[in-house]
Amino acid sequence: MAEAADFQGTSASPARRWLRRTGALLAGAPLLAGLLQLPAASPAQAAGIDETVAVSVDSLTPSVPTDGDTLTVSGTVTNNGRQTVTDAQVDLRVGQELNTRSGIDTAAKATGHQPGSDGEPVGGKYVEEFSTLTPGVAQPFTISVPVDELDLGDNGIYQVAVSLSGQTAAQPWPQVLGIQRTFLPWLPDGPDAQTRTTVLWPLISTAHMTAQTGSNESQTPVFRDNDLAKELAPGGRLEQMVSLGKDLDVTWVVDPDLLASVDAMTRSYRVQGEGDTTTAGTRADQELAKRWLVGLQDAVADNEVVALPFADPDLASLAHNGTAVTGSLGHLKEATDVAADTVGSILHVEPTTDFAWPVDGAVDPSIVKVATSAGADKVIARSDSLDETAGLTYTPSAARPIGGGTTAVVADARLSTLFQSDMTRASASTLAVQRFLAQSLALNLQTDEERSIVVAPQRMPTGAQARALAEALTALQDGGWTESQDLTEAAAAKPDPDATTTVPAASAYPSALRKQELQRSAFEQIAATQNKLGKFKVILNNESRVVTPFGRAMNREMSTSWRGRGTDAVVYRNDVEAYLESLAGQVTLIEKSETKLSGRSATIPVTVQNNLVQGVDNLVLRLTSTSPRRLKIGGYAYEEQPVTVSGGHSQTVKFTTSAEANGRAEVIAQLYTEDGQKYGDPVKFDVRVTEFTATVMLVIGGGFLLLVLAGFRMYTQRKRAAREPRETGPEEIATVPENPEGAEDRPVEESATGAGAGEYEQPSDPAADTPVESADPSGTGERVDR
């Protein structure tokens, strides 16, 4: 103004110039002071380093305030620096309103004090002061502010921050040394339309039961460990899932294997120990299982129950690595078929079985194909897999028709993944709850159209994660902008015509999830076990005692719970296969040593031992001669006979043999099933064929020699008698001795083999078919019956 008053074309006087310069300096002094202080006011934020003081918000109540409420925020402040903080003050700040879901994500990731967006302190009496904050020491705080003092506006999500201001010896001026942000949902005017929200409440665990069962009538089950009892105990993960879920309006998603395992625990069961030892489950653990089942039955009585296939098979692993292995899809079908009966018989409700749930809701065409192959026509996917490509400004409803009569039920990724981190710290839980509520309200405020949203959390949340989710759902149910609905209703809701319905290609499947999949070798081992089970079961009188436990064990071998536990999965598969082989080995042939066969024909016994508790039949024993020109079995190269053996007994099968020539012949005994498949290992032994034994030949040779000698002596006596004149009379003849040559000649009239006079055995007579057996001792069970 001074310059305007000057006449144009003239210069100002020296006095005027001095006044103008002095005024300018005085007016700019505050601004200069502010500029000089800016670099020192927030050096931590400018340098991007950690904040000096850590602020933890451990509690914020109510989570969704309304008019007239008092907001109470509690937590701790901890000096992480090396210098004492003085003149410290905890303030509550109300920052900017957040209008988008992405804006909430950005605010949640922000660090350091951000003037403007963090808002001004409420101030006044709504602060908490500390004269000093000693390094490493946490100090609690609580600030309670009437909601009316927060000056909140219309419906929306407001950023709320708790900050710690103070100074240090190195920076002796007030400054923000730490801050923690959270979110405050605010809905004073009510929603334009309620969001219909479905929350899945999963009851899933790892594989606990083995294929092994006791030999008693009730087939006492054997568990891998006793970890399930810990999950069912008070404070255990599964106990918390039931106690928390009973007060929530949720859809229960249940693995039938978990129910079957807990049900088995209610009776006598055993637990594997070191080596082959097992120990009995305790009565206390049985009572735990009974109480848990009763509590679960009460909790699900008025809620929808979705039954997954038995043992929750890994659909993605099966699709990517198992479909080329014969029989793999058959196991999925079996797991689906038994699901409804298992859940219905234990929980006394009729479950829904037409939903498939791939890991993390990640899908590709092969996964969808496998998921629906066993009868499911709805696939629970997730929005970070079935991503929106149409540029929608809002989150569409969950149901999406993806072709072939299949519906993808797309869970919201933001809401579904908020509780996957460590929730054991109160601050982490509180922040997750408020962020969940903020995202849900932001979703509702996107449009005034009613939509159906699904929340599908992780399959096996920890106890802390379950508590945090339950807290969020309780606040959500009281928030007023959502209404609960079942999963079946969400799947049947009218789909948004602009929502994505194209299933992503296999190349888009997350690599991190691929690395955790069961490999093809796992499915090949399962197929090998199934093949062995098929050969074993056909010989059993009561095959269900074996087929059922092994069938369920093979379902567990395909479980999603093995992800990230590859070594444990291999051990489990090996144990199942080894146990099956040990059972099949209980029906076996007893080993035989060399057998001696003297004579032209005889019988050879072969013994089948059955050490199982049940009888076996449908078996055929084949005895084969590898040298049929020397030894024939039943007149041919081999002979077969049916075998039936009671449990714990043995049966000896006799085969007729005929010798064609002396020498050694190898004989093979092999069990076969009735369909011609070999069963077990063969037993090989030698048969030494000797038509006449050495003793028999010696006796015959000695007798023949005596006959020759006797004949020669008779010949010489007759010849001598013919040369001598016969001058004696009848009287003299009567006195001639019967043996004029001496008593030693009498044996001539007796058979060398014991026959009477005139009954000499001729050398040409054939030997008997059953000569005396070899005097050599034979092995156990090696007596040849004739």
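As a reminder, the structure under discussion sits directly above these lines.
J.: What's the story with the sheet that holds strand β2 (residues 70-79) in this structure? I'm lost.
T.: Hydrogen bonds along the backbone pair up the strands of a sheet, which may run parallel or antiparallel. Reading across the sheet, the 3 strands line up as β1-β2-β5 and stay open at both edges, with antiparallel pairing between neighbours. Here the strands that pair on one side only, and so sit at the sheet edges, are β1 (53-61) and β5 (138-146). Pairwise comparison of adjacent strand axes, ignoring direction, gives a mean angle of 20° for this sheet. Summarising the sheet, β1 and β2 pair through 8 bridges and their orientation is antiparallel. Bridge pairing in β2 places T61 opposite T72.

J.: Looking at this structure, I do not really get unusual backbone geometry. What am I missing?
T.: For residues besides glycine, phi is generally negative; the peptide bonds are generally trans as well. Look at the link from T61 to P62: it is a cis peptide, with omega at -10°. One non-glycine residue, D87, lies in the positive phi region at around 50°. Mapping D87 onto the fold places it in strand β3 (residues 85-98). D87 gets classed as exposed once you look at its relative accessible area, which sits at 54%.

J.: Got a minute to help me understand the sheet that holds strand β6 (residues 156-167) in this structure?
T.: Taken in spatial order, the 4 strands line up as β4-β3-β6-β7 in an open sheet, and their pairing is antiparallel. Both edges of this open sheet fall to β4 (127-133) and β7 (175-186), since each of them pairs with a single strand only. On average, adjacent strands in this sheet sit at an angle of 25° to one another, irrespective of strand direction. Judged from the 11 bridges that link them, β6 and β7 form a sheet pairing that is antiparallel. Note that in β7 the partner of G156 across the bridge is W186.

J.: I tried to follow the pattern of salt bridges on my own but got confused; where do I start?
T.: One side chain can pair with another of opposite charge once the charged atoms of both are near each other. For the coordinates displayed, the defined rule picks out 26 salt bridges. Among the ionic pairs, R196 bridges to E489, the shortest N-O distance being 3.9 Å. Of this pair, R196 sits in strand β8 (residues 195-203) while E489 sits in helix α16 (residues 487-492), placing them 293 residues apart in sequence. Linked by salt bridges that have partners in common, D105, R414 and R435 make up one network.

J.: How should the environment of V242 be read in this particular structure?
T.: Tracing the backbone through its elements, the reader meets V242 in helix α6 (residues 237-245). Residue classification places V242 among the buried residues on the basis of a relative accessible area of 6%. As for V242 and W252, which are separated by 10 residues in sequence, their C-alpha atoms are 9.9 Å apart. Beyond its immediate sequence surroundings of up to four residues, V242 is in contact with L203, W252, W292, G295, L296 and A299.

J.: Can you walk me through the packing of aromatic side chains in this structure?
T.: Taken as a whole and assessed by the stated rule, the structure comprises 4 aromatic pairs. With centroids separated by 5.6 Å and ring planes inclined at 50°, the aromatic side chains of F419 and F436 adopt a geometry described as tilted. In this pair, F419 is assigned in the loop between α13 (413-417) and α14 (426-444) and F436 in helix α14, connecting sequence segments 17 residues apart. This pair shows no difference in class: F419 is buried, exactly as F436 is. A centroid spacing of 5.7 Å and a plane angle of 20° characterise the contact between F550 and Y579, whose relative ring orientation is stacked. On the criterion of sequence distance, the pair formed by F550 in helix α19 (residues 544-557) and Y579 in helix α20 (residues 566-584) is long-range, its members being 29 residues apart. For F550, a relative accessible area of 1% puts it in the buried group. For the cation-ring pair, R459 lies above W357, with the distance from its terminal atom to the ring centre recorded as 4.4 Å. Over the aromatic face of Y638 sits the side chain of R622, whose NZ or CZ is 4.8 Å from the ring centroid.

J.: Any chance you could explain α20 here in plain terms?
T.: In an α-helix, one turn spans 3.6 residues, which is why side chains three or four residues apart end up on the same side. For α20, with 19 residues, the first-to-last C-alpha span of 27 Å sits near the 27 Å given by 1.5 Å per residue. Among the residues of α20, A569, Y572, R573, V576, E577, Y579, L580 and L583 are the ones counted as buried. When α20 is viewed along its axis, its buried side chains cluster within an angular range of 160° and face the same direction. If you follow the buried residues of α20, they end up packed against β9 (209-213), α18 (520-537), α19 and β21 (587-589).

J.: Sorry, what's going on with the side chain of R237 here?
T.: Mapped onto the secondary structure, R237 falls in helix α6. Judged by relative accessible area, R237 falls into the buried class, the value being 13%.

J.: Got a minute to help me understand the pairing of strand β11 (residues 251-254) in this structure?
T.: Within a regular beta strand, the side chains point alternately toward one face of the sheet and then the other, so they alternate between its two faces. Of the two faces of β11, both are covered, the one formed by T251 and V253 as well as the one formed by W252 and V254. Note that β8 and β11 share 4 bridges and pair parallel. In the sheet register, W201 faces β11, and the bridge partner there is W252. Where β11 lies against strand β14 (residues 305-307), 3 bridges are found, and the strand directions are parallel.

Thresholds applied
Residues numbered from 1 in each chain as written. Predicted model: local features only at pLDDT ≥ 70, side-chain atom pairs only at ≥ 80, totals over all residues. Heavy atoms only, no water. Pairing = 2+ DSSP bridges. Helix = DSSP H or I, 4+ residues; strand = E, 2+ residues; numbered from the N terminus. Axes fitted to C-alpha atoms, helices over the stretch in contact; angles between N-to-C directions. Buried < 20%, exposed > 50% of the residue type's maximum accessible area, 1.4 Å probe, protein only. Salt bridge = Lys/Arg side-chain N within 4 Å of Asp/Glu carboxyl O. Contact = heavy atoms within 4.5 Å. Phe/Tyr/Trp six-rings, centres within 6.5 Å; stacked < 30°, edge-to-face > 60°. Lys NZ or Arg CZ within 6 Å of the ring centre and 35° of its normal. Expected span 1.5 Å × (residues − 1). Arc of directions from axis to C-beta.

Treat this as a map of the structure, not an account of what it does.
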